[in-house]
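Tertiary structure, described
Now for the letters of each chain:
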Amino acid sequence: MEVTVSKKLIVVLIVVGALATLVVGAIALWPALNSPGKPALFTRTPALGTGAESSSLAKPESVSVAFATAFYAVDYREQGAWLDNLKRLMTDDGYKLIETAFLPVLWPQLESAQTITLAGQVTVEDTGMAVEGVSPIGGPYQVRTVAINIAPEALWPTMQASLFSANLLIAHEGDIWRVAMFMDDAQVEQLKKQGTDPQQ
């Protein structure tokens, strides 16, 4: 019996496979994924309410530290709480990437190893801005670099080192900043060369 597979299905499978490969490799050190399609920078998320939470998102360096801390502070028994903490700090598309690409690969590993990394075991320092610009579609953006130090006893099962760095693309939305995506060093260098819109 001959089985016909559409070209569209083949493309979807290739894309999903490539994403899975990227995620597995990224988790070993730190997340560095390309966002498929438009970067999350261009999707607006409803503004948070006023008060301490909104003011904590008013500075990009505060957002980068808060996000990296929330990302690496995990309890394998509390997936919902982990996602909630990330969602308030991210653009819609950025959160969808975490939910659909990272979570299915990452969480089974954390559950298998019964990983618990407390916020107090994660030290994050914003080491500065790598790139900034204004997108004609999404408005101001920055790429910020953070240094992350996780206590040796709290490392995730695939982590090889306690100290590493990451680049975060952050979008300015109204009075607040939100994380759109992780970027690897090559992506940051490409953005510097373009000197324009991260969509290009």
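I will try to describe carefully the structure that is included in this document. Source: prediction; values computed, not measured.

About the cut-offs
Residue positions are counted from 1 within each chain, in the order its sequence is given. With pLDDT at 70 or above as the cut-off, local features in this predicted model cover only qualifying residues; side-chain atom pairs require 80 or more to be listed or tallied, and sums for whole chains, interfaces and linings still use all residues. Just so you know, side-chain values use all the structure's heavy atoms and leave hydrogens and water out. Here an axis means a line fitted to C-alpha atoms, over the contact stretch when the element is a helix, while the angle between two N-to-C directions is reported on a 0 to 180 degree scale. Helix and strand labels come from DSSP, where a helix needs a run of H or I of at least four residues and a strand needs a run of E of at least two; each type is numbered from the N terminus. Any angle from 65 to 115 degrees is called roughly perpendicular, while one under 35 is roughly parallel, one over 145 is roughly antiparallel, and all others are oblique. What makes a crossing left-handed is the near helix being turned counterclockwise from the far one by less than a right angle; a clockwise turn instead makes it right-handed. Working rule for contacts: check all heavy atoms of both residues, and any pair within 4.5 Å makes them a contact. Each pair of strands is called paired provided DSSP finds at least two bridges between the two strands. Burial classes: relative accessible area under 20% of the type maximum marks a residue as buried, over 50% as exposed, and values in between as partly exposed (1.4 Å probe, protein chains only). Note that the arc is defined by the directions from the helix axis to the C-beta atoms. Definition of a polar contact: a pair of N or O atoms within 3.5 Å, with one able to donate and the other able to accept a hydrogen when the atoms are protein atoms, and with sequence-neighbouring residues admitted only if both atoms are side-chain atoms. Centres within 6.5 Å are what make two rings of Phe, Tyr or Trp a pair, Trp counting through its six-membered ring; a difference in plane orientation under 30 degrees is then read as stacked, over 60 as edge-to-face, and the rest as tilted. Here, expected helix span is obtained from the residue count minus one, scaled by 1.5 Å. A residue's bend is simply the angle between two axes: one fitted to the seven residues ending at it, one to the seven starting at it.

Concerning the packing of helix α4 (residues 79-87) against helix α5 (residues 92-113)
Across the interface, α4 lies against α5 with an axial gap of 11 Å and an inter-helix angle of 150°. Classified by the interaxial angle, the pair formed by α4 and α5 is roughly antiparallel. As α4 runs across α5, the sense of the crossing is right-handed. Contacts between α4 and α5 involve Q79, W82, L83, L86 and K87 on the former and, on the latter, Y95, I98, L103, L106 and W107.

Here we look at the sheet that holds strand β3 (residues 163-173)
Spatial strand order, β1-β2-β3-β4: four strands in an open sheet with antiparallel pairing. The sheet is open, and its two borders are formed by β1 (122-135) and β4 (176-183), each paired with just one other strand. Strand-to-strand, the axes of this sheet are offset by a mean angle of 30°, without reference to chain direction. Contacts from helix α6 (residues 185-194) reach β1, β2 (139-150), β3 and β4 within the one sheet, and its direction differs from that of β4 by about 115°.

Overview of α6
Listing the buried residues of α6 in full gives Q187, V188 and L191. Axial view of α6: buried residues confined to an arc of 100°, hence all on one face. Opposite the buried face of α6, by more than 90 degrees, sit the exposed residues D185, A186 and K193. Buried residues belonging to α6 abut β1, β2, β3 and β4. Where α6 starts, the residue carrying a side-chain oxygen 3.2 Å from the main-chain nitrogen of A186 turns out to be D184.

Some words on the packing of aromatic side chains
Describing an aromatic ring pair means giving the distance of the ring centres and the angle of the ring planes. Going through the model one piece at a time under the given rule, you end up with 11 aromatic pairs. Considering the side-chain rings of F71 and Y72, the 4.9 Å spacing of their centres and the 75° angle between planes classify their relative orientation as edge-to-face. In this structure F71 comes out as buried when scored by relative accessible area, which is 1%. With relative accessibility at 1%, the residue Y72 sits in the buried group. An angle of 45° between the planes, with centres 5.2 Å apart, marks the rings of Y72 and W156 as tilted.

Quick notes on the pairing of β2
Across the 12 residues of β2, nine count as buried, placing the element largely inside the fold. Where β1 and β2 come together, 12 bridges link them in antiparallel fashion. When the sheet's bridge partners are listed, V122 is paired in β2 with I150. Of the pairings in the sheet, the one linking β2 to β3 comprises nine bridges and is antiparallel in character. In the sheet register, I148 faces β3, and the bridge partner there is F164.

Description of α5
With 22 residues, α5 should cover 32 Å at 1.5 Å per step; its first-to-last C-alpha distance of 30 Å lies within 8% of that length. Maximal helix bending in α5 amounts to about 60°, located at L103; proline P104 follows within four positions. Residues of α5 that are buried include every one of G94, Y95, L97, I98, A101, F102, L103, V105, L106, W107 and L110, and no others. Residue Q114 follows α5 closely and has a positive phi angle near 50°.

The values are spatial; any link to function lies outside them.
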